[in-house]
Amino acid sequence: MSYITEFEVELEEKLNGSEDTATIIRWMSKKVLESYRNGIEAGQKGKQVHRDEKSRRKGSFPTQAE
């Protein structure tokens, strides 16, 4: 299962259960914060990309080859 699918299943169980609204909102806030932190951590482990002096901005910063 993907993260979103698991989240949807858990949320549906909580909404259909006996938990009050405040408890569900706190749970959702924790899940969102956890996901955000995991995304930051994954991005920091990412590999740096080198583009051989090619800018993604056309015309903004011409290179010497132009």
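Above this text is the structure in question.
For clarity, every value in this text was computed on a predicted model and none was experimentally measured.

Taken as a whole and judged by the stated rule, the model has 2 salt bridges. Taking the shortest distance from any N to any O, the salt bridge between E19 and K14 comes out at 3.3 Å. The class of E19 is partly exposed, set by a relative accessible area of 34%. Residue classification places K14 among the buried positions, given a relative accessible area of 18%.

This part takes up the packing of aromatic side chains. Per the stated rule, a full pass over the model turns up 1 aromatic pair. Ring geometry for F7 versus W27: centroids 5.3 Å apart, planes at 5 degrees, classification stacked. Of this pair, F7 sits in helix α1 (residues 3-16) while W27 sits in helix α2 (residues 21-44), and the two are 20 residues apart along the sequence. Just as F7 is buried, W27 falls in that class too.

Reading guide: rules and limits
Residues numbered from 1 in each chain as written. Predicted model: local features only at pLDDT ≥ 70, side-chain atom pairs only at ≥ 80, totals over all residues. Heavy atoms only, no water. Salt bridge = Lys/Arg side-chain N within 4 Å of Asp/Glu carboxyl O. Buried < 20%, exposed > 50% of the residue type's maximum accessible area, 1.4 Å probe, protein only. Phe/Tyr/Trp six-rings, centres within 6.5 Å; stacked < 30°, edge-to-face > 60°. Helix = DSSP H or I, 4+ residues; strand = E, 2+ residues; numbered from the N terminus.

Geometry only, nothing functional implied.
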